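# Observations on the three-dimensional arrangement
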Amino acid sequence: MPGMNEQKLSRLEARLERLVEGAFAHIFGKKIRAQDIALELARSLEANSRPSKNSRPEAPDYYTIFLHPEAHRTLLQQQPTLPDVLSEYVVELAEQAGCKLANTPIVDIQADTTVASPQFVIKAEHSGARRSTTALMERVALPGNHAVPNNPQLVINGQRIVQLQHELINVGRSRDNHVILDDSTVSRHHLQLRLRQGRYILFDTQSQGGTFVNNVSVKQHVLQNSDVIQVGNTQLVYTEDSAPGETTGIFPAIPDIPDLTD
């Protein structure tokens, strides 16, 4: 009988398959399956794990999946949350392999003209000093063809306003964050905002005190206008302007983010 971790991994694999089976069938036909990418992620994790100071080896925390540009575009249009689902999958793979992760794993899906469809290539790396404990820390400008919210902002403790101008925004006490909070009750790297389909999605990055949105504890949450975020003793209010003719607080439907915590 498989152990608890193996059962959880099997459930994750089944959810991953259900999530992307339609998109993969449309793009790749029967030549490639969602499980193929999941299996290659596992191989890359094991092949690139390295010894650490304690008894558990350290798994890589940054994975890049290279696809042909047409496949890349179609896949992310149909399943924009796939990188986040795969990130959760890597966490479970590391646990199953007896490895530790120094940072929250990031899975980045990139277009590459040298990769022939329906093939794919996965590169696994240890982020090290180049990235923070939550993800890439470089300030990334939003590409011109990327849908963005209308004037998104964070209002911190009702006093400081921070314009959100990047695809990936790290928030915490450490000085290498995009949004720095001077609050000893906030984790060094507390949460992250990621732009997906023109909406910011909040992720708690394994903070010590947790993240609350509208008084509800969350691990991930699609931000809407006037959402109140509480981290430690700091309150952040997310705001964005309504488009002309649009009622504040009413937004287009977006895909649900699968809950992979059970």
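Residues numbered from 1 in each chain as written. Predicted model: local features only at pLDDT ≥ 70, side-chain atom pairs only at ≥ 80, totals over all residues. Heavy atoms only, no water.

With that out of the way, let us pick up the overall build of the protein chain. The secondary structure content of the protein chain amounts to 4 helices and 14 strands. Buried positions account for 46% of the 262 residues belonging to the protein chain. Counting only contacts in the protein chain whose residues sit at least 6 apart along the sequence, the fraction spanning at least 24 positions is 62%. Surface exposure of the protein chain reaches about 13,400 Å², of which carbon and sulfur atoms provide 48%. (Helix = DSSP H or I, 4+ residues; strand = E, 2+ residues; numbered from the N terminus. Buried < 20%, exposed > 50% of the residue type's maximum accessible area, 1.4 Å probe, protein only. Contact = heavy atoms within 4.5 Å. Areas by Shrake-Rupley, 256 points an atom, 1.4 Å probe, with all protein chains shown as cover.)

A few words on the nonpolar core. Of all hydrophobic cores here, the largest spans 23 residues; its most connected members are L41, L45, Y63, I65 and L67. Where this core is concerned, the elements lending two or more residues are α2 (34–47), β1 (62–67), α3 (69–78), α4 (82–96), β2 (106–111) and β3 (120–125). In terms of residue count, the dominant contributor to this core is α4 (6 residues). (Core = buried A, V, L, I, M, F, W, Y, C linked by side-chain atoms within 4.5 Å.)

The next thing to look at is the environment of D241. The topology assignment puts D241 in the segment after β14 (234–239). Take D241: its relative accessible area is 42%, and that puts it in the partly exposed class. Taking C-alpha positions, D241 is 9.3 Å from Q153, a pair spaced 88 residues apart along the chain. Contacts of D241, omitting those with residues within four sequence positions, involve N150 and N151.

Bringing the pattern of salt bridges into the picture now. Tallied over the entire structure, the rule returns 3 salt bridges. We note a salt bridge from K219 to D204, for which the minimum N-O separation is 3.9 Å. One end of the pair, K219, is in the loop between β11 (216–218) and β12 (220–222); the other, D204, is in strand β9 (residues 199–204), with 15 residues separating them in the sequence. D204 sits in the buried class, given a relative accessible area of 9%. (Salt bridge = Lys/Arg side-chain N within 4 Å of Asp/Glu carboxyl O.)

With that settled, consider the sheet that holds β14. Across the sheet, 6 strands lie side by side as β5-β4-β14-β13-β10-β11; this open sheet has antiparallel pairing. Pairing within the sheet leaves two strands with one partner each, and these edge strands are β5 (160–163) and β11. Strand-to-strand twist of the sheet, defined as the mean angle between neighbouring strand axes without regard to direction, takes the value 30°. (Pairing = 2+ DSSP bridges. Axes fitted to C-alpha atoms, helices over the stretch in contact; angles between N-to-C directions.)

When pLDDT is averaged along the protein chain, the result is 77; 72% of the residues meet or exceed 70. In the model of the protein chain, helix α1 (residues 4–28) stands out as the element of lowest mean pLDDT, 61, in contrast to β14, which has the highest, 97. Counted against residues more than four places away or in other chains, residues 129–145, with its pLDDT under 50, gives 46 contacts. (pLDDT = per-residue confidence, 0-100.)

Looking now at the sheet that holds β1. Strand order in the open sheet made by the 3 strands is β2-β1-β3, with mixed pairing throughout. Two strands in the sheet have a free side with no partner beyond their single neighbour: β2 and β3. Sheet twist, expressed as the mean angle between neighbouring strand axes with direction ignored, is 20°. Contacts from α3 reach β1 and β2, with the element oriented near 130° to β2. Packed on one face of the sheet, α4 meets β1 and β2 and runs near 140° to β2.

Taking every second residue as pointing to the same face, the buried face of strand β13 (residues 227–231) carries D227, I229 and V231, while none of V228 and Q230 on the other face is buried. As defined by bridge partners, strand β10 (residues 211–213) adjoins β13 across 2 bridges and the pair is classed as antiparallel. Residue pairing across strands places F212 opposite Q230, the latter belonging to β13. Pairing geometry for β13 and β14, over 5 bridges, is antiparallel. Residue pairing across strands places I229 opposite L236, the latter belonging to β14. Hairpin remark: β13 followed by β14, antiparallel, with 2 residues in the connecting loop; positive phi at G232, about 55°.

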